[in-house]
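Examining the three-dimensional arrangement
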Amino acid sequence: MPEPAELYIGLMSGTSIDGIDVALVDFTENRCELLQIYNHPIDACIKQKLVEISSPVSDFAILGQKRIELLAELDVVMGHYFADAANQLIKINQIAAGKIAAIGSHGQTVRHRPNNLSPFTLQIGDANIIAEKTGIQTVADFRRADIAAGGQGAPLAPAYHNAILRSHLENRIILNLGGIANITLLPKDENKPVIGFDTGTANTLLDGWYQKHHSTAEGDFDQGSQFAQQGQVHQKLLNKLQEDPYFQLPPPKSTGREYFSLDWLTKQINKIQDTIIADEDIQRTLVEFTVKTIANSIRGLAIEEYQVLACGGGMHNQFLLDLLSKELNQPIQTTNDIGVNGDYLEAMTFAWLARQRILQRP
């Protein structure tokens, strides 16, 4: 590695809670090079507690513990998880901690209410613990800072997308398929603004419904969309899902798993009273729901020519990408196709945001 290097670590755990992504990024001479990646597992029992505490229906008592007690405990537990994730990457790659300029930690979102009378977003994973256990200065609370400045708190990646993925040759739409789907419009005209917002749910409902009906299966998601492909789109349910007021809101807007939850889905299913819907048909309908809400959001941008570049865990869902490609009548690529690791793009985002903070740049 060149000396002196500008090395930063980004830590990211999304709404899918499928592990902590760790990215070591080198910003020497204003380049942005991903040097190392690592995914740190989260124990199933801790994941379950995080899912429970993120669910509004569990507001009074969770797993025998009072909510505030559990929230405080998980804040500490996740602080250790994030610290261990960073230390493990450092250990694997035999890097001296002193060479790392800073760590940017996203934290674990447990509640996101940007449209409340008193807007808030809450990410846990005590950054004091990360700084103490790693010996590296740590930057965190990015989303609450954005809320304080009048933003939605999410998505934050569009700023980074603009820094490294914007092209003067084509309009680009970066599609992040995480637990929640979000898009970033990067116009080729540098005088036009970047637009970014959450389009709705993605893996949160797809994974949640699959897990509910495959508790003994290996893996936490519908591998190859095999379960979904056994079913048919239930048009009445699809129409009901798309009637949710969120999809009529103009951007900027953001949402989370506490809104688009299995409880929300169950309520929509119960409104379809004329028939019993097969489990696999619901899974297939959820895929279509994801595709339609993304496509409608892209059409709402009112641009004629653009390239869609997918990233996030859902970029590996080829069935979903094929359906979206057909819906938009154009091929869907991934950020990997242009040399940017789509699985660790969000972790890189928080390394970059940490650097912006350290250098006091917006």
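In what follows, the accompanying structure is described. No experiment lies behind these values; they were computed from the predicted model shown. As a convention, each chain's residues are numbered from 1 in the sequence order in which they are written. For this predicted model, a pLDDT threshold of at least 70 governs which residues receive local features, and a threshold of 80 or more governs which side-chain atom pairs are given and counted, while totals over whole chains, interfaces and linings are taken from all residues. Only hydrogens and water are set aside when side-chain values are computed; all heavy atoms of the structure are taken into account.

**Details of the packing of helix 10 (residues 279-299) against helix 11 (residues 318-328)**
- Remark: helix 10 packs on helix 11, axes separated minimally by 10 Å, with the N-to-C direction vectors making an angle of 45°. Here helix 11 runs oblique to helix 10, going by the angle between their axes. The handedness of the crossing between helix 10 and helix 11 is right-handed. Packed against helix 10, whose contacting residues are Arg 284, Val 287, Glu 288, Thr 290, Val 291, Lys 292, Ile 294, Ala 295, Ile 298 and Arg 299, the element helix 11 presents Phe 319, Leu 320, Leu 323, Leu 324, Glu 327 and Leu 328 at the interface.
- Its residues assigned to classes, the contact of helix 10 with helix 11 comprises 10 nonpolar, 1 polar and 5 charged. Axis lines are fitted to C-alpha atoms, over the contacting stretch for helices. Their N-to-C directions set the angle, which ranges from 0 to 180 degrees. Under the DSSP-based scheme used, a helix requires at least four consecutive residues in state H or I and a strand at least two consecutive residues in state E, with every element numbered from the N terminus. Should an angle fall under 35 degrees it is taken as roughly parallel, and over 145 as roughly antiparallel, whereas 65 to 115 is taken as roughly perpendicular and any remaining angle as oblique. Here is the rule for handedness: rotate from the far helix to the near one, and if that takes an anticlockwise turn smaller than a right angle the crossing is left-handed, while a clockwise turn gives right-handed. Here a residue-residue contact requires only that any non-hydrogen atoms of the pair lie within 4.5 Å. Residue polarity follows a fixed list, in which Ala, Val, Leu, Ile, Met, Phe, Trp, Tyr, Cys and Pro are nonpolar, Asp, Glu, Lys and Arg are charged, and the others, Gly among them, are polar.

**Description of helix 8 (residues 235-242)**
- Residues of helix 8 that are buried: Leu 237, Leu 238 and Leu 241. With its buried residues spanning 100° around the axis, helix 8 presents them on a single face.
- Here the buried face of helix 8 lies against helix 9 (262-270) and helix 10. Buried, partly exposed and exposed residues are distinguished by accessible area as a fraction of the type maximum, computed with a 1.4 Å probe on protein chains only: under 20%, between the cut-offs, and over 50%, respectively. Summarising the geometry, the arc corresponds to the directions from the helix axis toward the C-beta atoms.

**Some details on the sheet that holds strand 10 (residues 172-177)**
- Ordered in space as 12-11-10-13-14, the 5 strands form an open sheet in which the pairing is mixed. At either end of the open sheet lies a strand with only one pairing partner, and these are strand 12 (195-201) and strand 14 (332-334). Averaged over all pairs of adjacent strands, the angle between strand axes in this sheet comes to 25°, irrespective of strand direction.
- Contacts between helix 10 and the sheet are confined to strand 10, strand 11 (180-186), strand 12 and strand 13 (307-311), with strand 12 contributing the most and set at about 155° to the helix. Each pair of strands is called paired provided DSSP finds at least two bridges between the two strands.

**What about the nonpolar core?**
- Among the nonpolar cores identified, the biggest contains 45 residues, and Leu 265 and Leu 286 are the most heavily contacted of them.
- Element by element, the count of residues in this core is highest for helix 10, at 8 residues.
- Those residues in contact with Leu 286 that sit more than four places away from it in its chain are Leu 205, Leu 206, Trp 209, Leu 241 and Leu 265.
- The nonpolar core is taken to be a set of buried Ala, Val, Leu, Ile, Met, Phe, Trp, Tyr and Cys residues, with the residues joined through side-chain atoms within 4.5 Å. Core analysis: the next-biggest nonpolar cluster, separate from the first, contains 29 residues, Ile 42, Leu 89, Ile 90 and Ile 100 among them.

**A few points about the sheet that holds strand 2 (residues 20-26)**
- The strand order across the open sheet built from 5 strands is 3-2-1-6-9, with neighbouring strands paired in mixed fashion. Among the strands making up the open sheet, the edge pair consists of strand 3 (33-40) and strand 9 (138-139).
- The pairing of strand 1 (residues 7-12) with strand 2 spans 6 bridges and is antiparallel. When the bridges of strand 2 are listed, Tyr 8 appears paired with Val 25.
- In the packing of helix 2 (residues 67-92) onto the sheet, contacts are made with strand 1, strand 2, strand 3 and strand 6 (100-105), and the angle to strand 3 comes to roughly 130°.
- Sitting on the sheet, helix 12 (residues 345-358) is in contact with strand 1, strand 2, strand 3, strand 6 and strand 9, with an inclination near 125° to strand 1.

**Looking at the pattern of salt bridges**
- One side-chain nitrogen of Lys or Arg within 4 Å of one carboxyl oxygen of Asp or Glu is enough to make a salt bridge. All told, the structure shown has 12 salt bridges when counted by the stated rule.
- A salt bridge links Asp 84 to Lys 133; the shortest N-O distance between them is 2.8 Å. In this pair, Asp 84 sits in helix 2 while Lys 133 sits in helix 3 (residues 127-134), placing the two residues 49 residues apart along the sequence.
- The class for Lys 133 is partly exposed, based on a relative accessible area of 36%.
- Notably, a salt bridge pairs Glu 327 with Lys 292, separated by 3.2 Å at the nearest N-O pair. Of the two residues, Glu 327 is situated in helix 11 and Lys 292 in helix 10; the sequence distance between them amounts to 35 residues.
- One network of salt bridges, with partners in common, ties together Asp 26, Arg 31 and Glu 33.

**Here we look at the pairing of strand 10**
- Within strand 10, 6 of the 6 residues are buried, leaving the element largely enclosed by the surrounding structure.
- Across the two faces of strand 10 the burial is the same, with Arg 172, Ile 174 and Asn 176 and Ile 173, Leu 175 and Leu 177 all buried.
- One ladder, built from 6 bridges, connects strand 10 with strand 11; its direction is antiparallel. Looking at strand 11, one finds that Leu 177 is bridged to Ala 181.
- Joining the antiparallel neighbours strand 10 and strand 11 is a turn of 2 residues.

**Some details on helix 10**
- Compared with the 30 Å implied by 1.5 Å per residue over 21 residues, the 30 Å span of helix 10 between its first and last C-alpha is a close match.
- Counting buried residues in helix 10 gives 16 out of 21 residues, a clear majority hidden from the surface. To estimate the expected span of a helix, subtract one from its residue number and multiply by 1.5 Å.

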